[in-house]
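# Examination of the molecular architecture
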Amino acid sequence: MSSFSWSIDGSIIGLYLLLTMAAGVWLRKRVRRVEDFLVAGREMNLHLGIASLAATEFGVITCMYAAQGGYTQGFAGALPGICQAAAMFAIGISGFCVNRLRDSGVMTLPELFEKRFGRFVRWLSGVVIVMGGLLNMGVFLKIGGQFLCMVTGLDLGHLVLIMTLLLIMVAVYTILGGMLSVLVTDFLQFVVMSLGLLVVTIMILSQVGWERLVETVEKHHGAGGFAPWANPDTGWSFIVFQMLMGVAATLTWQTVVSRLLAAKDARTGRRVFTRTSFFFVCRWMIPGLWGIAALAVIGWKPLEFLSSDERAALPAAIVQKVEASELGKPLATLDETELAAVPTAVQSKLNDAALNTMPKFLSTFLPVGLMGLLIAAMLAADMSTDASYMLSWGSVIYNDILAPFQRGAWPHARAIRWNRCIIALISVYLFTFGLLYEIQGNVWAYLALTGSIYLSSMSVLLIACCYWKRANNWGALAAIVCGAIVPVLHLSFEKIPSLASMAAGITKEQAGIAAFVASALGMIVGSLLKPRPQSA
């Protein structure tokens, strides 16, 4: 049973939601131009930028996949955060690409690419960014709902209701206030989120203890729990892919870029990067500690996530294999006949056991009052992330997919109305996709691979745009197509029964590395193949 109290914890959550919604809706009066809606009039200062970027990049989805990393990989699971922090600090210090991007005065990356590679490259870039971004974000709402159900003790049968309420709250203030609402509510959410993370982590360290956490990692993961290159489930392909993702995400991830483009100037944007960089270690390490604590206290018990009827319906041989399964892999030892005997819904619950153990642990670990603070903090994180992501992908749809076909500039009122409609449609998509799609394997591996659909090519295009004079539209088109096709094929093969075994033979990290390599080769070969214009 969860320690959640509807009267005490519910009141804390309700007060927080009331303040957030009021602030977000009130700012709709400040939105007069499309620049106000999309990039907050380019008036974001340093401290607001730090709070907004930190709040945006830590959602419930972040907490869940980072905790899953700690649970299944130990301290080594925090490597992606270390890689991105290093990349963000280095890029912020050097100004690599970001100086030229901010000084260009564009509102999105594809707008910059049009200046160098032409209108069709801008449009295709927008399509790829939105495809990768929406596939990536499509699972946020469902996993956020799972967390709230687990931590409050609600049955997962209430998931649809939780998803609906979350979506309505986020969509209302994002549609009305745009980036202005997102920035200001991000600041409030950053304060609440930081307080909640700090309090819960201190409780875990004081009650579970650091020594027990270290002993748990040694017991379950050995040397691989401390060094990712010693872990057979990660290894060097995992390390290389995380390094590539760290650089690419800092340069071209839309929610990060939108903060740079909303900054007063390039110097402010760079300082936001350097001063936020360490937070990216924290956003992996803190939930990772929660995941390790869950492993220490609860252990690996995937069958506990099934109802009594579901457990009773499983053959005894399957129950024994699941109970004895390797951590995080409840179905790995079942043969095809045994796997076919397990209903799809039961398979889903078992596969999600490593993901859901952390919220299950917190549901009984935290006392009344602190439970309300935790949920308010997680709602703050989730609302900030969802709002920023909806606005980011919506801005690309408007600015780079629709705008190239417009005859002349739209009036500000009409442009803002279109942006609001786009965000509303994205909300409907998130709800539908979240209910229908089932992730195969580790959540972060899925998010990284879907992100690489566009991160691979957009990072190559940005670097070439800034520093390679020979780069041209042939190379840009080849880079976009080659970078997208590898991850899309891998994700598609996973869902086709006759090809699933082929996809399983290639890890998501290997597919992601292949996407970056293919995109870079596409840019180089395509640009060199295009004949140079004849001089007069």
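The coordinates are above.
Residues numbered from 1 in each chain as written. Predicted model: local features only at pLDDT ≥ 70, side-chain atom pairs only at ≥ 80, totals over all residues. Heavy atoms only, no water.

## Concerning the pattern of salt bridges
In the structure shown here, the tally under the stated rule is eight salt bridges. Note that R122 is salt-bridged to E114, the shortest N-O span being 2.6 Å. Under the relative-accessibility criterion, E114 is labelled partly exposed at 23%. Among the ionic pairs, K329 bridges to E326, the shortest N-O distance being 3.8 Å. Residues joined in a network through salt bridges with shared partners are E114, R119, R122 and D400. (Salt bridge = Lys/Arg side-chain N within 4 Å of Asp/Glu carboxyl O. Buried < 20%, exposed > 50% of the residue type's maximum accessible area, 1.4 Å probe, protein only.)

## So, unusual backbone geometry
Located in the positive-phi region is C97, a residue other than glycine, with phi close to 70°. For C97, a relative accessible area of 0% puts it in the buried group.

## Some details on the nonpolar core
Counting 150 residues, the largest nonpolar core has V139, W290, L374, M378 and L461 as the members making the most contacts within it. When residues of this core are assigned to their parent elements, the largest contribution, 19 residues, is made by helix α20 (residues 370-402). When sequence neighbours within four positions are dropped, the list of residues in contact with L461 reads F113, F117, V121, S125, A476, A479, I480 and M523. Grouped together as the second largest cluster of nonpolar side chains are eleven residues, L303, V319, V322 and L350 included. (Core = buried A, V, L, I, M, F, W, Y, C linked by side-chain atoms within 4.5 Å. Helix = DSSP H or I, 4+ residues; strand = E, 2+ residues; numbered from the N terminus. Contact = heavy atoms within 4.5 Å.)

## Structural notes on the packing of helix α7 (residues 109-117) against helix α8 (residues 119-137)
A pair of packed helices is characterised by two quantities: the angle between their axes and the separation of those axes. Where α7 meets α8, the axes come as close as 7 Å, and the angle between the chain directions of the two elements is 150°. Taken together, the axis directions place α7 and α8 in an arrangement best described as roughly antiparallel. As for how α7 packs across α8, the hand of that crossing is right-handed. Contacts from P110, E111, F113, E114 and F117 in α7 reach R119, V121, R122, S125, G126 and I129 in α8. (Axes fitted to C-alpha atoms, helices over the stretch in contact; angles between N-to-C directions. Parallel < 35°, antiparallel > 145°, perpendicular 65-115°, else oblique. Left-handed = near helix turned anticlockwise from the far one by under 90°.)

## Points about helix α14 (residues 266-297)
Its 32 residues give α14 an end-to-end C-alpha distance of 47 Å, which sits within 8% of 46 Å, the value for a rise of 1.5 Å per residue. With respect to burial, α14 is a largely interior element, 23 of its 32 residues being buried. Capping of α14 at its N-terminal end is provided by D265; its side-chain oxygen lies 3.3 Å from the backbone amide nitrogen of R267. Note on α14: the residue one or two positions beyond its end, G299, has a positive phi of about 85°. (Expected span 1.5 Å × (residues − 1). Polar contact = N/O pair within 3.5 Å; in protein donor to acceptor, adjacent residues only side chain to side chain.)

## Quick notes on the packing of aromatic side chains
Under the counting rule described, the total for this entry stands at 20 aromatic pairs. Pairing Y65 with W284 gives two aromatic rings, centres 5.1 Å apart and planes at 45°, and the pair type is tilted. Of this pair, Y65 sits in helix α4 (residues 60-73) while W284 sits in helix α14, placing them 219 residues apart in sequence. Assessed through its relative accessible area of 5%, Y65 is described here as buried. W284 gets classed as buried once you look at its relative accessible area, which sits at 3%. Note on W284 and W444: the rings are 5.0 Å apart at their centroids and 85° apart in plane angle, and the pair reads as edge-to-face. Taken together, the positions of W284 in helix α14 and W444 in helix α22 (residues 443-467) put the pair 160 residues apart, joining distant regions of the chain. In terms of burial, W284 and W444 fall into one category: buried. Through successive ring pairs, a cluster of aromatic residues spans Y429, F433, Y437 and Y446. (Phe/Tyr/Trp six-rings, centres within 6.5 Å; stacked < 30°, edge-to-face > 60°.)

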